[in-house]
Amino acid sequence: MRIGVIGTGRIGTIHAHTLSRHRDVGSLILTDVDPARAQALAHRLGETSAPGVDEIYTWGVDAVVITAATSAHADLIGRAARAGLPVFCEKPIALDLAGTLQAITEVETAGTVLQMGFQRRFDAGYTGAREAVRSGRLGRLHTVRAMTSDAEPPPAGYLAQSGGLYRDTLIHDFDMLRWVTGREVTEVYAAGSDAGPAVFRESGDVDTGAALVTLDDGTLASVTATRLNGAGYDVRMELAGERDQIVVGLDDRTPIASTEPTGPPAADKPWTGFLERFGPAYEAELIAFVEVVRGERANPCDGREALQALLIAEACELSRRERRPVRPAELLSGSAAAYT
């Protein structure tokens, strides 16, 4: 199997390493908007670099992995679909609903595969939580608390094109709400704060956000995020039911300290970022993609799943701006509805 990798930044480099050592992947073709970066990575891995995306297709590949800038995702997905190639793409498909729906329509019209990169679906903790909820161990689920706290803000240049805290960061928590509980989100009420560094206000973004989320069975969820968690990178999900409660992300590296006299001590080596915390999950999702391409398993996260997470993020952004409850379903109207 020969796979084209479009984008060789941080996550593209990780995915290329995973694929290069996979026994079922014969070779890679790497390309990037910075050709020198692609060449350097190809040299380190003993793979081939291409001067541009066109060569990925003219030289011939069996599948495509997209880790380019977010603004390029939808077009690159469409091109792969038109070429009849299965594609793995980092989230999101696009930063707007119309672009997302158009790309999904192209994939579905072509009858090809689009696997989206929501790596938490491959994390051991979240997988265990899903199994606990689905088995009935917790009893009726009544409360979920989810959070993502970055240790430090991303570069200012990234903020401006990230889509904002809800679309860029909390979209993972929204995906986990659906995937773990098996329920759909019916309403959100969100708020945000830009009281931190000026770069967030200059980007039209917030550094901290929160949302009250109602699921279709009446379960309530609180979802929070911040870019300014000085203690370290903290991702958790607590699920409370009538019989039991569990937590994802609580271990000896969780950056939190107890004030109780007999509580656990602060972590000696707290998590520093998402690449470290979710390293095994990133590897597992690419291994899964190879299995999907080989016809050995079903797609674990298709474009429609990514659309649902984006709808919740969009609803939160609208709620924050207009200071009102928003139902994600109300966003699928007008031009966007033409693609559904």
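Everything numeric here is computed off the predicted structure, so don't read it as measured data.

Quick notes on the rules
- Residues numbered from 1 in each chain as written.
- Predicted model: local features only at pLDDT ≥ 70, side-chain atom pairs only at ≥ 80, totals over all residues.
- Heavy atoms only, no water.
- Helix = DSSP H or I, 4+ residues; strand = E, 2+ residues; numbered from the N terminus.
- Buried < 20%, exposed > 50% of the residue type's maximum accessible area, 1.4 Å probe, protein only.
- Contact = heavy atoms within 4.5 Å.
- Areas by Shrake-Rupley, 256 points an atom, 1.4 Å probe, with all protein chains shown as cover.
- Lys, Arg positive; Asp, Glu negative; His and termini not counted.
- Charge placed at Lys NZ, Arg CZ, Asp CG, Glu CD.
- Pairing = 2+ DSSP bridges.
- Axes fitted to C-alpha atoms, helices over the stretch in contact; angles between N-to-C directions.
- Core = buried A, V, L, I, M, F, W, Y, C linked by side-chain atoms within 4.5 Å.
- Domains from an automatic or database assignment.
- Patch = residues over 30% accessible without salt bridge, like charges linked within 9 Å, V, L, I, M, F, W, Y side chains within 5 Å.
- Salt bridge = Lys/Arg side-chain N within 4 Å of Asp/Glu carboxyl O.
- Buried area = accessible area lost by both parts, 1.4 Å probe.

1. Observations regarding the overall build of the chain
Line of reasoning, step 1. Per the secondary structure count, the chain includes 12 helices and 12 strands.
Line of reasoning, step 2. The buried share of the chain, reckoned over its 340 residues, is 50%.
Line of reasoning, step 3. The contacts in the chain between residues at least 6 apart in sequence include a share of 71% that link residues at least 24 apart.
Line of reasoning, step 4. Accessible surface for the chain amounts to roughly 14,800 Å². Of this, 50% is attributable to carbon and sulfur atoms.
Line of reasoning, step 5. Seen as two clouds, the 34 positive and the 46 negative side-chain charges of the chain have centres 2 Å apart.

2. Here's the deal with the environment of alanine 98
Line of reasoning, step 1. Along the chain, the position of alanine 98 falls in helix H5 (residues 97-110).
Line of reasoning, step 2. A residue is classified by how much of its surface remains accessible, and alanine 98, at 29% relative accessible area, is partly exposed.

3. Side note on the sheet that holds strand E7 (residues 141-149)
Line of reasoning, step 1. Spatially, the six strands line up as an open sheet ordered E8-E9-E10-E7-E11-E12, and their pairing is mixed. If you trace the sheet from one side to the other, it starts and ends with strand E8 (185-193) and strand E12 (245-248), each paired once. Pairs of neighbouring strands in the sheet enclose a mean axial angle of 10°, with direction left out of account.
Line of reasoning, step 2. The pairing of E7 with strand E10 (residues 220-226) spans seven bridges and is classified as parallel.

4. What about the nonpolar core?
Line of reasoning, step 1. Val64, Tyr126, Val180, Val213, Met237 and Leu239 are the most contacted members of the largest nonpolar core, which has 79 residues in total.
Line of reasoning, step 2. At 10 residues, helix H12 (residues 303-322) tops the list of elements feeding residues into this core.
Line of reasoning, step 3. Here this core spans two domains, since at least three of its residues come from each of domain 1 (1-111) and domain 2 (119-279 + 307-320).
Line of reasoning, step 4. Apart from residues lying up to four places away in sequence, tyrosine 126 is in contact with Arg120, Met176, Trp179, Val180, Val235, Arg236, Met237, Val248 and Phe278.
Line of reasoning, step 5. If you look at the next biggest cluster of nonpolar residues, it comprises 16 residues, including Leu28, Leu45, Leu286 and Phe289.

5. A word on a nonpolar patch on the surface
Line of reasoning, step 1. On the surface, Tyr189, Leu212 and Leu220 cluster together into a nonpolar patch covering about 280 Å² of accessible area.
Line of reasoning, step 2. By the secondary structure assignment, tyrosine 189 is in strand E8.

6. Side note on the domain arrangement of the chain
Line of reasoning, step 1. When its domains are assigned, the chain resolves into domain 1 (1-111) and domain 2 (119-279 + 307-320).
Line of reasoning, step 2. For domain 1 and domain 2, the distance between their C-alpha centres works out to 28 Å.
Line of reasoning, step 3. Roughly 1,000 Å² is buried in total at the junction of domain 1 and domain 2, and carbon and sulfur atoms are behind 72% of that figure.
Line of reasoning, step 4. A per-residue breakdown of the area domain 1 buries against domain 2 is headed by Lys91, Leu95 and Leu97, which together make up 51% of the total.

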